[in-house]
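Remarks on the overall topology
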Amino acid sequence: DDDDDDDQDTTATAAAAAKKEAPSAANNYGSNPNPSRPNLFVCIRIDDPEVLEQVAQLQTSILAYDHQLYPAFTPLESLHLTLVMLRVHNLQDTTRVEQALRTFKTKLPLFFPAQRKLVLQGVDVFRGRVLHIRGDGAQQLAALSAMVEELKTDLQAAGAVLLGNHSQFCPHVTLIKLNRAQCRAQLQISAGCYKKHQNRYFGTQAVDALHLCVVSPERLYDGFYRRILTVRNTEHAALPAKAVAEVAAACRQQQRVVVVMRGLSGCGKSTFLHSLEDKVRETRPDAHVLVCSADHYFLRTATTPKTTEATPTEAEATSSEAAAAGATAGA
C-alpha cells in the first residue's frame with residue numbers, strides 16, 4: 001500500500017522484525033513474505049463525493065495529456081491517506097493490534113472532532129513517480145502528526161513492529177504511482193500533466209473512521225482494501241440509544257437478530273450499520289455479524305465470502321436493498 005514502499009527507510013526496526021519472524025512462520029497477511037516489510041497499515045479512507053468528483057476530473061485531464069499513465073492510476077474506490085504501517089507475525093500480534101486500535105477509538109474525537117475535517121488541496125510529486133494530493137495544511141498537519149505519534153505509541157506498547165514509516169510524517173493521497181517495471185520502461189509523470197492543477201482544491205474529508213488494512217493488491221466488493229478492523233469516530237456515529245439497547249440485550253441473551261434498514265440512498269444506512277456492528281462486538285465479542293446489501297451484487301467482487309453455518313450467537317444486520325433483492329439473513 002505505502003506510496004513509497006519501494007524506497008522505505010532502512011532502520012534497526014526492520015532488522016528486529018526479520019529476527020523476530022522465522023522464515024517458516026505462517027503469514028496470512030499481504031502479498032510480501034519479506035519480514036522486513038509491512039503487511040498492515042492504518043488509514044483514513046477518502047470517500048467524500050466532492051473529493052471523488054474532483055479527482056475524477058483531474059484523472060480525465062491527465063489521461064488527455066498522457067494516456068500511458070492510466071495503468072498507474074489509483075482507483076477512486078481505493079483512495080486513502082496512510083497514517084501508520086506495521087507488520088504482524090501471527091494471530092496473537094493481530095489481536096493485540098486490534099485491541100490497541102479499539103482503545104484508541106476513544107482518543108480519535110480529541111484529534112478530529114466532528115467539525116474538523118481534512119482539507120485536500122494541491123498536487124505534488126514524490127521522486128518523479130508518485131503524484132499525490134497534499135494534506136499538509138499547517139493546522140491539520142499539526143493535528144494529524146499528533147494523532148499519528150499517539151497511535152504509534154499505542155501500537156508499539158501493544159507490541160506492534162512499525163515498518164516503512166518515514167521520520168517526518170507527510171500526509172498525502174496517492175493518485176498515480178509508477179511501479180518499478182513502469183519506471184524501467186522510462187514512463188514518467190511529467191510536470192505538464194499536473195502543473196495547472198498544483199493548487200487545485202479537492203474538498204474536505206471527514207475523519208469518521210480509521211481502517212486497519214492488509215497490504216495486498218486484493219480488493220473487496222467495494223473496491224477498497226481488505227480490512228481487518230474499522231474503528232469509528234464516535235462523534236460521527238450517533239446511534240439511537242433505544243435501538244442499540246434492544247440489539248445489545250438480544251445479543252446478551254444469545255438471540256438471533258435481524259436489523260432492517262430503510263432509507264434514501266446516501267442517508268447513512270451503511271454508516272449506521274457499521275457503527276451498530278461495533279456496538280454488537282463490544283457486547284458479544286464472539287457474535288457473528290453479517291451485513292447484507294443489494295449494493296454488493298452490483299459492485300465488482302474481488303473475493304467471495306465464505307459461507308458459514310449460522311450459530312445461536314449471531315447478530316445479523318441487513319438493509320432494505322437486500323430484502324428487495326431477495327437476500328435472506330439469519331436463515
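Now for a quick tour of the structure.

Reading guide: rules and limits
- Residues numbered from 1 in each chain as written.
- Predicted model: local features only at pLDDT ≥ 70, side-chain atom pairs only at ≥ 80, totals over all residues.
- Heavy atoms only, no water.
- Helix = DSSP H or I, 4+ residues; strand = E, 2+ residues; numbered from the N terminus.
- Buried < 20%, exposed > 50% of the residue type's maximum accessible area, 1.4 Å probe, protein only.
- Contact = heavy atoms within 4.5 Å.
- Phe/Tyr/Trp six-rings, centres within 6.5 Å; stacked < 30°, edge-to-face > 60°.
- Lys NZ or Arg CZ within 6 Å of the ring centre and 35° of its normal.
- Expected span 1.5 Å × (residues − 1).
- Arc of directions from axis to C-beta.
- Salt bridge = Lys/Arg side-chain N within 4 Å of Asp/Glu carboxyl O.
- Polar contact = N/O pair within 3.5 Å; in protein donor to acceptor, adjacent residues only side chain to side chain.
- Core = buried A, V, L, I, M, F, W, Y, C linked by side-chain atoms within 4.5 Å.

A separate point is the overall build of the chain. For the chain, the helix and strand inventory stands at ten helices and 13 strands. Here the chain, with 331 residues, has 47% of them falling under the buried criterion. Across the chain, contacts joining residues at least 24 apart in sequence account for 81% of those joining residues at least 6 apart.

Another point: the packing of aromatic side chains. In this description, an aromatic ring pair is defined by two values, namely the gap between the centres and the angle between the planes. Inspection of the entire model under this criterion finds four aromatic pairs. Each ring, one from Phe 104 and one from Phe 111, has its centre 6.3 Å from the other, and the planes form 15°; the classification is stacked. Take Phe 104 and Phe 111: they sit in the same class, and that class is buried. One aromatic cluster is present, formed by Phe 41, Phe 224 and Tyr 225 through successive ring pairs. Over the face of the ring belonging to Tyr 225 we find Arg 219, whose NZ or CZ atom lies 3.7 Å from the ring centre.

On to helix α2 (residues 49–65), then. Over its 17 residues, α2 extends 25 Å from the first C-alpha to the last, a length consistent with the 24 Å expected when each residue adds 1.5 Å. Taken together, the buried positions of α2 are occupied by Val 51, Gln 54, Val 55, Leu 58, Gln 59 and Ile 62. Taken end-on, α2 shows its buried residues confined to a sector of 140°, consistent with a single buried face. In α2, the exposed residues that point more than 90 degrees away from the buried face are Pro 49, Thr 60 and Ala 64. Where α2 is buried, its residues meet β3 (117–121), β4 (123–126), β5 (130–134), β7 (172–177) and β8 (201–206).

A separate point is unusual backbone geometry. Although it is not a glycine, Arg 127 adopts a positive phi angle of roughly 45°. Inspection of the secondary structure assignment puts Arg 127 in the loop between β4 and β5.

Turning our attention to the pattern of salt bridges. One pass over the structure, following the stated rule, counts eight salt bridges. Across the pair Arg 102 and Glu 98 runs a salt bridge whose closest N-O atoms are separated by 3.6 Å. You can see Arg 102 and its partner Glu 98 sitting in helix α3 (residues 91–104), four residues apart, about one turn around the helix. Given a relative accessible area of 18%, Glu 98 falls into the buried group. With its nearest N and O atoms 2.8 Å apart, the salt bridge here joins Arg 227 to Asp 222. Assessed through its relative accessible area of 23%, Arg 227 is described here as partly exposed. Each of Arg 45, Asp 222 and Arg 227 takes part in one network of salt bridges that share partners.

Structurally, Asp 47 can be placed in the loop between β1 (40–45) and α2. Its relative accessible area of 36% is what places Asp 47 among the partly exposed residues. Between the C-alpha atom of Asp 47 and that of Ser 78, which follows or precedes it by 31 residues, the distance is 8.9 Å. Setting aside chain neighbours within four positions, we find Asp 47 in contact with Leu 52 and Gln 205.

Before going further, it helps to spend a moment on α3. For α3, built from 14 residues, the straight-helix expectation of 20 Å at 1.5 Å per residue is met to within 8% by its first-to-last C-alpha distance of 20 Å. All buried positions along α3 are accounted for by Asp 93, Thr 94, Val 97, Glu 98, Ala 100, Leu 101 and Phe 104. Each buried residue of α3 sits inside an arc of 160° when the element is viewed along its axis, so together they form one side. Where α3 begins, one side-chain oxygen reaches toward the backbone nitrogen of Gln 92, 3.2 Å away; that side chain belongs to Asn 90.

Below, the discussion takes up the nonpolar core. Ranked by internal contacts, the top residues of the largest apolar core, which has 55 residues, are Leu 69, Leu 83, Leu 86, Met 147, Leu 155, Ile 176 and Ile 189. At six residues, the largest contribution of residues to this core is made by helix α5 (residues 138–157). The residues touching Leu 86, leaving out its near neighbours within four places in the chain, are Pro 38, Asn 39, Leu 40, Phe 41, Val 42, Val 97, Leu 155, Ala 160, Val 161, Leu 162, Leu 163 and Leu 212. Ranked by size, the runner-up nonpolar core spans 13 residues in total, among them Val 247, Val 259, Ala 287 and Val 289.

Worth remembering: the numbers are spatial, not functional.
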